[in-house]
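# Survey of secondary and tertiary structure
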Amino acid sequence: QVQLEESGGGSVQAGGSLRLSCSASQYIYTKHCMGWFRQAPGKEREGVAALDTDGDTSYASSVKGRFTISKDNTKNTLYLQMNNLKPEDTAMYFCAADRSKRIGNPLYYFAMDYWGKGTLVTISS
């Protein structure tokens, strides 16, 4: 059983930056696919960024070039660096992990095995 906990959310002005962190209860990042998802009020959940065990990354077109997903295996922590934030980035952000080493379309895979409770990101204009 894996537990995930997000942190780093908050309120910032458009154009600012935030770095989200996802800490795991045990060592998992070398054998689990990881992803960040978000859900805005009244909207469907969407995939933001994903990272497989080989280091391959995937990004939603709306965040490509602005967001970067990375991990630190030693610290057992996943990160999402978010730069040039926009009001439309406002959402609850969730960290997720799956036992699969590779997922064909991770940004659309909402059946990942483990999920955090989320951290709120609010961007003002």
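Before reading on, note that the structure itself is shown above.
These numbers were taken from a predicted model, which means no experiment stands behind them.

### A few points about the overall build of the protein chain
Within the protein chain, the regular secondary structure consists of zero helices and eleven strands. Tracing the protein chain from N to C terminus, the helices and strands come up as β-β-β-β-β-β-β-β-β-β-β. Over its C-alpha trace the protein chain gives a radius of gyration of 13 Å, about what one expects of a compact globule, namely 14 Å for 125 residues. Projected onto its principal axes, the C-alpha positions of the protein chain cover 40 × 25 × 25 Å. Here the protein chain holds 125 residues, and 43% of them are scored as buried. A fraction of 60% describes how many contacts in the protein chain between residues 6 or more apart in sequence connect residues 24 or more apart. Accessible surface for the protein chain amounts to roughly 6600 Å². Of this, 43% is attributable to carbon and sulfur atoms. The distance from the centre of the 14 positive side-chain charges to the centre of the 12 negative ones in the protein chain is 2 Å.

What counts as what
Residues numbered from 1 in each chain as written. Predicted model: local features only at pLDDT ≥ 70, side-chain atom pairs only at ≥ 80, totals over all residues. Heavy atoms only, no water. Helix = DSSP H or I, 4+ residues; strand = E, 2+ residues; numbered from the N terminus. Rg over C-alpha atoms; globule rule 2.2 N^0.38 Å. Buried < 20%, exposed > 50% of the residue type's maximum accessible area, 1.4 Å probe, protein only. Contact = heavy atoms within 4.5 Å. Areas by Shrake-Rupley, 256 points an atom, 1.4 Å probe, with all protein chains shown as cover. Lys, Arg positive; Asp, Glu negative; His and termini not counted. Charge placed at Lys NZ, Arg CZ, Asp CG, Glu CD.

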